[in-house]
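Per-entry structural report
Given next are the chains, with one letter for each unit.
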Amino acid sequence: MLAYVFRDKNHKPYEFMMFQDKLLELMVNGLVLFNSKNQRHFKKLQRSKNDSLEEIFYSEFFILGSSCTVRSNEICKEIKMNLDKLDLSEIYKYAGQCFYIGAAEIINQNFLKEEDITELYDLCLVLEEKIFIDEKYRILFDYCLISLCLIRNATCDLNLIKIVRRQIKRTEKNVWDRNKNDYVFTVKGMIKETQTTLCYGQIEKYKLCLGVLCLGLSRYKIEPNTNTIIDLVILFYVKFPICTQDQDYFNLLRYNIFNSIEKNTSSCLYMICKFKNDKPKEVSEYFRSRFKSLSELDKKIVIDVLSDYYENYHNGEYLIDIEYFKNQVIRFR
């Protein structure tokens, strides 16, 4: 948050600021230098394996950010090549790089080629399988998925909706089978409890991904401004709260992202009306064309996900009749 203060006219540009807290120093300077193409302070932004995982994550993120270098294909290939040999610090390192890919696309708009996005999507699927074998890869999978959701924000991308849905479904008690036993102290003494390997923060993370993908069925989109990168860092901070009480403190800051969400005026929107005199509803042409090509089963899955999202998390003012929408989309050519 201090980066807001230092982004003013009185601050000397690209002057490195020293703090006692090394994570704070990294965050503030990284945010100020983001997209500056200034390489003077690279060494000061670098972190080693002996530093905290948070610092390793944001070190990679901000080094790429200050150099404005996007090498998505190289990053994905490097991860795949070394996937079975990665230790935890390297996983956080690559997670930071993956997060940068999505953030850079938001800030710079159309930075990536379609083949780069396909490569990132393939990596996401590989990592989704990997987390069943070893949970340590989850942080890398999460930020690969987050990056894709940022790139495809407001498109209702069907492939990504399926991935997000699978993760949300696995948070349900009767579906998620990777449980572990733990011992907790209570007023009745120490008792044995079975806990899932997913915490509250991870559940929230996947809901945020779904929200970024949907954004009012493409009625809105993320438009970059001077504070968007700060808002994205806050929205998807690497260590999510682990309980609902902690989450309350984060929610207020997460609302800052709404400063970067604007009405989608793109020509790719398709207008539909339920009744003749109704106000037209805008739907993504990208979503409409992709939806029409799905099998009946996949259509039901997508409608199920979107219905749940709109019933539980969306402002009632922008609700759309999902069943009507489904029929219209199928009928349109």
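Criteria and thresholds
Residues numbered from 1 in each chain as written. Predicted model: local features only at pLDDT ≥ 70, side-chain atom pairs only at ≥ 80, totals over all residues. Heavy atoms only, no water. Helix = DSSP H or I, 4+ residues; strand = E, 2+ residues; numbered from the N terminus. Buried < 20%, exposed > 50% of the residue type's maximum accessible area, 1.4 Å probe, protein only. Patch = residues over 30% accessible without salt bridge, like charges linked within 9 Å, V, L, I, M, F, W, Y side chains within 5 Å. Areas by Shrake-Rupley, 256 points an atom, 1.4 Å probe, with all protein chains shown as cover. Salt bridge = Lys/Arg side-chain N within 4 Å of Asp/Glu carboxyl O. Axes fitted to C-alpha atoms, helices over the stretch in contact; angles between N-to-C directions. Left-handed = near helix turned anticlockwise from the far one by under 90°. Contact = heavy atoms within 4.5 Å. Nonpolar A, V, L, I, M, F, W, Y, C, P; charged D, E, K, R; others polar. Phe/Tyr/Trp six-rings, centres within 6.5 Å; stacked < 30°, edge-to-face > 60°.

Of note, the phi angle at A154 is positive, near 70°, even though the residue is not glycine. Among the structural elements, A154 can be located in the loop between helix 8 (138–151) and helix 9 (158–169). Take A154: its relative accessible area is 5%, and that puts it in the buried class.

Where nonpolar side chains cluster on the molecular surface, the patch consists of L252, Y255 and F258 and spans about 390 Å² of accessible area. Overall, L252 belongs to the exposed group, its relative accessible area being 64%.

What follows covers the packing of helix 7 (residues 114–133) against helix 8. Put simply, helix 7 and helix 8 touch, their axes get as near as 9 Å, and they point 150° apart. Classified by chirality, the crossing of helix 8 by helix 7 is left-handed. In this structure, helix 7 uses I117, L120, Y121, L123, C124, L127, E128 and I131 to contact helix 8, whose residues at the interface are R138, L140, F141, C144, L145, S147, L148 and I151. When grouped by side-chain class, the residues that make up the contact of helix 7 with helix 8 number 13 nonpolar, one polar and two charged.

As enumerated under the stated definition, the model contains twelve aromatic pairs in all. Taking 6.2 Å as the distance between ring centres and 75° as the angle between the ring planes, the aromatic pair formed by F61 and Y100 counts as edge-to-face. Note that F61 is positioned in helix 4 (residues 53–67) and Y100 in helix 6 (residues 88–108), a separation of 39 residues in sequence. Under the relative-accessibility criterion, Y100 is labelled buried at 1%. Ring centres 5.3 Å apart and planes at 65° place the aromatic pair F99 and Y143 in the edge-to-face group.

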